[in-house]
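# Structural description and commentary
Listed here are the chains, written in short residue letters.
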Amino acid sequence: MARIGVGATTKTKTVNKAGGQAYTLISPAVSLVHAIGHFMNEPKYYPDGEESPTDIDSEGQNVIALATQLAKDGRHEELLSIARWARTDLNLRTTPIVVLATACEYPGTIMVQGRNIVATYAPTIMQRADEPRNLFAAWRHLFGAATDKGLRTRRVPSVLRRSVARILSALPEHALAKWAGNVSPTLGDVIRVADRGLVKQAKLLYFVNPEKWAERRAETPVLDARDQLFKREKFDATSRELAEKARLTWENLVTHFGKGKEIWEFAQGQMGYMALLRNLRNLEQAGVNLEPVAKRIADEEEVAKARQLPFRYMSAIEAVTSPILHKALSKAMDLSLKNVPELKGKTTLLVDVSGSMTGTNVSSKSVRTCADAAAALAGMFYSRGTDVSMIVFSQNARKVTVKGNGAMAAAEALKGAFIGGGTNPAAGLPLLLKDTDRVILLSDMQCYSNEYGASTFAVQWNQWKKNNNEKAWMHSVNLVGTIESQLDQSTQRINLMSGFSEQLMSLIASVEANESPTKAATITVEEIVKKFRIA
């Protein structure tokens, strides 16, 4: 989920959460592009100082504040183009929804050439049936106190209600049912607030008034099959037929019928690719036939369509013991990088393995740490580079040797590479080859050089270039979405990026190929808006 492209940094210094010197970013749009892929309210090594009244962590508050500033300035098209980019290209969900909720709260002048900008962009940002519900939940949580009886004391903005109503009307039965549940606000709550007239459609009436829906069940064969299935106790031939007709999810099946082998055998055929990756251990432990599972995992078309982050494959391979699954997952990780351009020349990966990287998970639902995400990215860069070396650093630094070929082998080489506390990327500079074409820094950017108060990493990098290779690039990848930088991009051949996505490779190649002595070496906000603006 690459958070890609910051236009430039200023020379204004700030302090990061570790107390080290850093640089601030130049504008709200630039900062938003850099921060938008942050996983909100996830575990962190450096806790926030003051508790937020909305229970949003500091990085999430940054996103909201930046989005608010753009909305209040009347820059809705720019703001929503960035949200669309994050949802479509980066395959993110939560943060684009929060940005859309902010745009709804501060509508300002949202009419452009007779079009309502929020209504125009909303369907491209809300792409799953649960996202209209998440939009309501985000708006309620961020912009006022909830009540026990309704979504909010204030009336939900009309542009939000109309946008959600259009999206819900267009969704098929199985998509609506997949995300139904008792979590507040429920889908029924959202339907009632968006437009009470929606219940004229039987597929939406089901979630608001099941008793009245029963009189019209013939209009909704998928929901009818679902209703019948949940009244059955045994998973027999009739249940199988109903489950297929209802397009029931694996969660529904396992919750209702249990975790027996027969259930998992059937359920794996109902799973999407990401669900399959996350359930490999369950399938293995249930004793199902793993050959069709492995075949699907390593299917090139499935891999390309799924667009999984590299570290997902690492998580899956560590969760299972079966050789057939290990082989399939390793192949899948390489296939996921098939269309990623090569990095020609000599590349050095400078990988942060400090305490803040190894001690923090990327999300509360994952056992993967930021260091694991860095290892997966390093594996990607290693497998697609023509001449790649790896250096790990904390307080000190050392080179890493890779045994074997492919992305997984390189990622595995970084496991257990913790070499002490501290975060000093400058420790790796003496280990660089003088003819290195590029350095790729993978870090949470909570760095300092030598000791607090000493010269910044930016100063030491510039000194290394002066002494060794003025043409070398530095590509800095921020893995946690903070809006500070370790580098001053007013210096030539500095490129700031963020995230975990394989798209980072394409961006590096693009930035280097289109270098300009007068423009920032990055994918700019203007380019994102140009690509994702809806004409």
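None of these values were measured; they are calculated from a predicted model. (Residues numbered from 1 in each chain as written. Predicted model: local features only at pLDDT ≥ 70, side-chain atom pairs only at ≥ 80, totals over all residues. Heavy atoms only, no water.)

## Topic: the packing of helix α12 (residues 221–229) against helix α13 (residues 237–246)
Orientation of α12 relative to α13, taken along the N-to-C sense of each, is 145°, at an axis distance of 8 Å. As for how α12 packs across α13, the hand of that crossing is left-handed. Between α12 and α13, the contacting residues are Pro 221, Val 222, Ala 225, Arg 226, Gln 228 and Leu 229 on the first element and Ser 239, Leu 242, Ala 243, Lys 245 and Ala 246 on the second. Residues that form the contact of α12 with α13 fall into these classes: seven nonpolar, two polar and two charged. (Axes fitted to C-alpha atoms, helices over the stretch in contact; angles between N-to-C directions. Helix = DSSP H or I, 4+ residues; strand = E, 2+ residues; numbered from the N terminus. Left-handed = near helix turned anticlockwise from the far one by under 90°. Contact = heavy atoms within 4.5 Å. Nonpolar A, V, L, I, M, F, W, Y, C, P; charged D, E, K, R; others polar.)

## Quick word on the nonpolar core
With 82 residues, the main nonpolar core has Leu 253, Leu 280, Ile 297, Tyr 313, Leu 329, Phe 381 and Leu 442 as its most contacted residues. Every residue in contact with Leu 329, bar those within four places of it in the chain, is listed here: Leu 277, Leu 280, Ile 297, Tyr 313, Ala 316, Ile 317, Val 320 and Met 408. Counting 52 residues, the second largest nonpolar core, distinct from the first, contains Val 63, Val 99, Leu 168 and Tyr 206. (Core = buried A, V, L, I, M, F, W, Y, C linked by side-chain atoms within 4.5 Å. Buried < 20%, exposed > 50% of the residue type's maximum accessible area, 1.4 Å probe, protein only.)

## A few points about helix α21 (residues 323–335)
The terminal C-alpha atoms of α21, which comprises 13 residues, lie 18 Å apart, in line with the 18 Å expected from a rise of 1.5 Å per residue. Within α21, burial applies to Leu 325, Ala 328, Leu 329, Ala 332, Met 333 and Leu 335. Looking down the long axis of α21, one finds its buried residues gathered within 160° of arc, a one-sided arrangement. Along α21, exposed side chains directed more than 90 degrees from the buried face belong to Pro 323 and Lys 327. (Expected span 1.5 Å × (residues − 1). Arc of directions from axis to C-beta.)

## Comments concerning the confidence of the model for the chain
Overall, the prediction assigns the chain a mean pLDDT of 81, with 79% of residues at 70 or greater. Looking across the chain, the model is least confident in strand β1 (residues 3–4), with a mean pLDDT of 34, and most confident in α12, with 96. This model gives residues 1–11 a pLDDT under 50, and the stretch forms 73 contacts once residues within four places in sequence are excluded. Contacts of residues 517–521 to residues separated by more than four positions or lying in other chains number eight contacts, the stretch itself having pLDDT below 50. (pLDDT = per-residue confidence, 0-100.)

## Structural notes on the environment of Ala 375
Looking at the element boundaries, Ala 375 is found in helix α23 (residues 370–384). Using a relative accessible area of 3% as the deciding quantity, one classes Ala 375 as buried. For the pair formed by Ala 375 and Met 408, sequence separation is 33 residues and the distance between their alpha carbons is 9.1 Å.

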